[in-house]
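# A look at the structure
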Amino acid sequence: MLAQEIQLLAAIVLDSLIGDPRWWPHPVRLIGTAASAVEHRARMSIRNERVAGVLTATIIVASSGFITYACIYVADWLTPWLGGAVSIFIMYTGIAAHDLAKHAREIQMALDTSNLQLARQRVGMICGRDTGNLDKEGVVRATVESVAENCVDGVTAPLFYGALAGPVGVIVYKAVSTLDSTFGYKNERYGQFGWASARLDDAAAFAPSRLTGFLVPIAAWILGMRSQDSFRIFKRDRLKHASPNSGHTEAAFAGAMGLRLGGTSSYQGVAHEKPFIGDPVSEINSESIGKSVKLMNATTIVSFVSFVALWTIARLLWGYI
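First things first, this report covers the structure right here in the doc. On a predicted model such as this, the values are computed, not experimentally measured, just so you know. (Residues numbered from 1 in each chain as written. Predicted model: local features only at pLDDT ≥ 70, side-chain atom pairs only at ≥ 80, totals over all residues. Heavy atoms only, no water.)

### Examining the packing of aromatic side chains
A complete count under the given rule lists 13 aromatic pairs for this structure. Summarising the aromatic geometry, the rings of F183 and Y190 are spaced 5.5 Å apart at their centres and angled 45 degrees between planes, so their arrangement reads as tilted. A relative accessible area of 12% places Y190 in the buried class. Taking 5.1 Å as the distance between ring centres and 85 degrees as the angle between the ring planes, the aromatic pair formed by F183 and F193 counts as edge-to-face. Taken together, the residues F183 in helix α7 (residues 136-183) and F193 in the loop between α7 and α8 (195-223) connect sequence positions ten residues apart. (Phe/Tyr/Trp six-rings, centres within 6.5 Å; stacked < 30°, edge-to-face > 60°. Buried < 20%, exposed > 50% of the residue type's maximum accessible area, 1.4 Å probe, protein only. Helix = DSSP H or I, 4+ residues; strand = E, 2+ residues; numbered from the N terminus.)

Here it is in structure tokens:
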């Protein structure tokens with residue numbers, strides 16, 4: 001195993017131990033602040049909103065990668081140990097498994113103590129739908145769907161790009177993801193400006209989301225969950241989601257847990273009928289949240305091993321070409 005892979009494993013361990021303390025400047029928050037500043041200047045300088053959005057995305061992604069590389073280069077020049085520590089820290093900040101699991105369990109705890117209002121507030125922090133009128137089952141379903149979808153953005157995609165290109169790969173992906181969460185809205189302000197950010201995010205998550213869909217059944221098998229159903233539902237329902245990428249892990253999770261996800265959801269007061277994903281084999285209750293977290297954690301380990309193996313084999317094959 002090479003140094004880069006060891007650093008990535010150390011980053012996973014660090015995230016599992018301490019998560020993301022809110023008191024230090026997180027790279028993702030810095031990227032978001034920079035993106036808003038560049039947006040302002042781009043809109044002032046360029047009249048065509050789509051061109052301004054393309055320029056903003058290009059500047060943010062390129063500068064994020066360059067600054068990351070420069071920081072590691074300088075640290076490594078001072079001492080290789082410092083370079084390694086900086087690399088581990090940067091990759092650790094791109095992994096969000098701990099915080100996602102912690103937040104999901106807090107929602108489960110609120111439900112288990114019959115505090116439905118608190119559970120609604122907490123789930124509203126990790127999903128975009130209206131949560132004020134959700135019943136207990138609706139809160140659980142929204143939480144499980146969020147864990148399944150964010151498993152890619154917050155965990156497996158950073159691992160995929162970290163195994164490929166180390167800290168620079170992780171930060172470049174997080175820059176793309178942050179651009180989408182900042183500008184990728186289909187509204188009057190960002191319909192044109194956010195076009196590049198949304199398309200770039202779709203492209204960046206294309207491979208990780210599909211690979212994760214294949215890996216979730218393996219994680220389900222390790223946990224003694226419905227591995228065969230996970231793969232079956234993944235194949236059957238993965239393209240039902242409105243997002244080109246989110247449906248893959250959501251379908252695999254639904255099959256592994258024996259749940260039916262999707263259905264009616266409200267966004268900004270407007271009800272949307274989403275296709276059902278999965279079959280209602282098991283009862284959906286607060287324990288389903290804990291199971292989804294366990295499945296995400298197992299998928300994290302399976303993904304790390306798989307992506308390291310994938311890119312190691314690819315590099316070996318490239319050396320023979």
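Now that the structure has been shown, we can carry on.
### Some remarks on unusual backbone geometry
With the exception of glycine, most residues fall at negative phi, and the peptide bonds are largely trans. A positive phi angle, near 65 degrees, is found at S114, a position not held by glycine. Structurally, S114 can be placed in the loop between α5 (97-112) and α6 (116-123). A residue is classified by how much of its surface remains accessible, and S114, at 66% relative accessible area, is exposed.

### Thoughts on helix α2 (residues 27-45)
The end-to-end C-alpha distance of α2, which contains 19 residues, comes to 27 Å, matching closely the 27 Å that a straight helix rising 1.5 Å per residue would cover. All of the buried residues in α2 are P27, I31, G32, A35, V38, E39 and A42. With its buried residues spanning 130 degrees around the axis, α2 presents them on a single face. Exposed and oriented more than 90 degrees from the buried face of α2 are L30, T33, R41 and M44. Residues of α2 that are buried make contact with α3 (49-78), α4 (80-93) and α7. (Expected span 1.5 Å × (residues − 1). Arc of directions from axis to C-beta. Contact = heavy atoms within 4.5 Å.)

### Let's talk about the pattern of salt bridges
On inspection of all chains with the given rule, the structure shows 16 salt bridges. Where D20 meets R29, a salt bridge forms, and the shortest distance between an N and an O atom there is 3.8 Å. By relative accessible area, which is 35% here, R29 ends up partly exposed. One salt bridge in this structure joins R226 and D229, with 3.7 Å as the shortest N-O distance. Bridged by salt links that share partners, the residues R226, D229, R232, R236, D237, K240 and D279 form one connected network. (Salt bridge = Lys/Arg side-chain N within 4 Å of Asp/Glu carboxyl O.)

### Quick look at the packing of α2 against α3
The N-to-C vectors of α2 and α3 enclose an angle of 145 degrees; their axes lie 9 Å apart at closest approach. Relative to α3, α2 is oriented so that their crossing is right-handed. For the pair α2 and α3, contact is made by I31, A34, A35, V38, E39, A42 and R43 and by E49, A52, T56, I59, I60 and S64, respectively. (Axes fitted to C-alpha atoms, helices over the stretch in contact; angles between N-to-C directions. Left-handed = near helix turned anticlockwise from the far one by under 90°.)

### Things to note about the pairing of strand β1 (residues 261-267)
As paired elements, β1 and strand β2 (residues 270-277) share six bridges and run antiparallel to each other. From the neighbouring strand, Y267 faces β2, where its bridge partner is V270. Hairpin connection between β1 and β2: a loop of two residues separates the two successive antiparallel strands, and Q268 in this loop has a positive phi of roughly 50 degrees. (Pairing = 2+ DSSP bridges.)

### Re the side chain of E39
Structurally, E39 is set in helix α2. Residue E39 is classed as buried on the basis of its relative accessible area of 4%. Among the polar contacts listed, one links the side chain of E39 to the side chain of Y190, at a separation of 3.1 Å. (Polar contact = N/O pair within 3.5 Å; in protein donor to acceptor, adjacent residues only side chain to side chain.)

### Brief notes about the nonpolar core
L159, F253, L295 and M296 are the most contacted members of the largest nonpolar core, which totals 80 residues. No other element matches α7, which puts 21 residues into this core. Not counting residues within four places of it along the chain, the set of residues in contact with L159 comprises L8, I12, I95, T300, S303, F304 and F307. (Core = buried A, V, L, I, M, F, W, Y, C linked by side-chain atoms within 4.5 Å.)

### With respect to the state of the cysteines
A complete count under the given rule lists zero disulfides for this structure. Not part of a disulfide, C127 finds its nearest cysteine sulfur in C151, a span of 17 Å. The class for C151 is buried, based on a relative accessible area of 0%. (Disulfide = S-S within 2.5 Å.)

### Considering the packing of α6 against α7
In a pair of packed helices, the angle between the axes and the distance between the axes together describe the arrangement. At their nearest, the axes of α6 and α7 sit 10 Å apart, and the two run at 25 degrees to each other. Considered as vectors, α6 and α7 are oriented roughly parallel to each other. The handedness of the crossing between α6 and α7 is left-handed. Touching L116, A119, R120 and V123 of α6 are K136, V139, A142 and T143, all from α7. Within the contact of α6 with α7, the residues separate by chemical class into five nonpolar, one polar and two charged. (Parallel < 35°, antiparallel > 145°, perpendicular 65-115°, else oblique. Nonpolar A, V, L, I, M, F, W, Y, C, P; charged D, E, K, R; others polar.)

Scope: geometric values only; no functional claims are made or implied.
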